[in-house]
Amino acid sequence: MPRDNGNRPEPIEEEAPTAEGDKAPAPAGAAAAPKKAETVEDHAKAAGTPAWTVAAVKAHEGWPIGKELPREKYDAAVKKVLNVRIGY
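Cut-offs and rules
- Residues numbered from 1 in each chain as written.
- Predicted model: local features only at pLDDT ≥ 70, side-chain atom pairs only at ≥ 80, totals over all residues.
- Heavy atoms only, no water.
- Helix = DSSP H or I, 4+ residues; strand = E, 2+ residues; numbered from the N terminus.
- Contact = heavy atoms within 4.5 Å.
- Areas by Shrake-Rupley, 256 points an atom, 1.4 Å probe, with all protein chains shown as cover.
- Buried < 20%, exposed > 50% of the residue type's maximum accessible area, 1.4 Å probe, protein only.
- Arc of directions from axis to C-beta.
- Expected span 1.5 Å × (residues − 1).
- Salt bridge = Lys/Arg side-chain N within 4 Å of Asp/Glu carboxyl O.
- Axes fitted to C-alpha atoms, helices over the stretch in contact; angles between N-to-C directions.
- Parallel < 35°, antiparallel > 145°, perpendicular 65-115°, else oblique.
- Nonpolar A, V, L, I, M, F, W, Y, C, P; charged D, E, K, R; others polar.
- Core = buried A, V, L, I, M, F, W, Y, C linked by side-chain atoms within 4.5 Å.

A. Molecular detail of the overall build of the chain. Tallying secondary structure elements over the chain gives three helices and zero strands in all. Counting from the amino terminus, the chain carries its helices and strands in the arrangement α-α-α. Contacts in the chain between residues far apart in sequence, at least 24 positions, make up 57% of those at least 6 positions apart. As presented, the chain carries roughly 7600 Å² of accessible surface, and 56% of it is formed by carbon and sulfur atoms.

Shown next as structure tokens:
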């Protein structure tokens, strides 16, 4: 039987982080935050792509600064640019 708390809401107990970088689990029923799409520059940094290659990919594909796309599309574009024959 629930105890009478004078019409005050029950306090929410959250778990403390278990290790550095870990976060407490989200409360039940909470929707996950939508994942932010990653930009060409984000993918380049994560993959360690040299700046000249990123510039070549963006020029070849016609992508502006900050273009958001999936990692698979970025990887395919880098592979395509690195395999372009010079003087085609």
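B. Here's a closer look at helix α2 (residues 51–61). Within the span of α2, buried status applies to T53, V54, V57 and K58. Buried residues of α2, seen end-on, are gathered within an arc of 130 degrees and therefore sit on one face of the element. Within α2, the exposed residues directed more than 90 degrees away from the buried face are A51, W52 and A59. Buried-residue contacts for α2 involve α1 (40–47) and α3 (71–82). Positive backbone phi, approximately 75 degrees, marks G62, located one or two places after α2.

C. Expanded view of α3. Given a rise of 1.5 Å per residue, 12 residues ought to cover 16 Å, and the 17 Å separating the end C-alpha atoms of α3 matches this to within 8%. The inward-facing, buried residues of α3 contact α1 and α2.

D. Up close: the pattern of salt bridges. Taken as a whole and assessed by the stated rule, the structure comprises three salt bridges. The partner of K58 in a salt bridge is E41, with the nearest N and O atoms 2.8 Å apart. Placement of K58 in helix α2 and of E41 in helix α1 is noted, with a sequence separation of 17 residues between them. When its relative accessible area of 18% is taken as the criterion, K58 is described as buried.

E. View of the packing of α2 against α3. At a closest axis distance of 9 Å, the pairing of α2 and α3 adopts a crossing angle of 95 degrees. The orientation of α2 relative to α3 falls into the category roughly perpendicular. Here α2 contributes W52, T53, V54, A56, V57, H60 and E61 to the contact with α3, which in turn contributes Y74, A77, V78, K80, V81 and L82. Each residue belonging to the contact of α2 with α3 can be placed in one class, and the counts come to nine nonpolar, two polar and two charged.

F. Layout of the nonpolar core. V40, A44, V54, V57, W63, L69, Y74, A77, V78 and V81 together form the largest nonpolar core, which totals 10 residues. For this core, the secondary-structure elements that each account for two or more residues are α1, α2 and α3. Top element by residues in this core is α3. It accounts for four residues. Leaving out residues up to four positions away in the same chain, W63 has contacts with V40, V57, K58, L69, K73, Y74 and A77.

G. Quick peek at the side chain of T39. Position of T39 relative to the elements: it lies in the segment before α1. With residues up to four places along the chain from it excluded, the contact list for T39 reads G66, K67 and E68.

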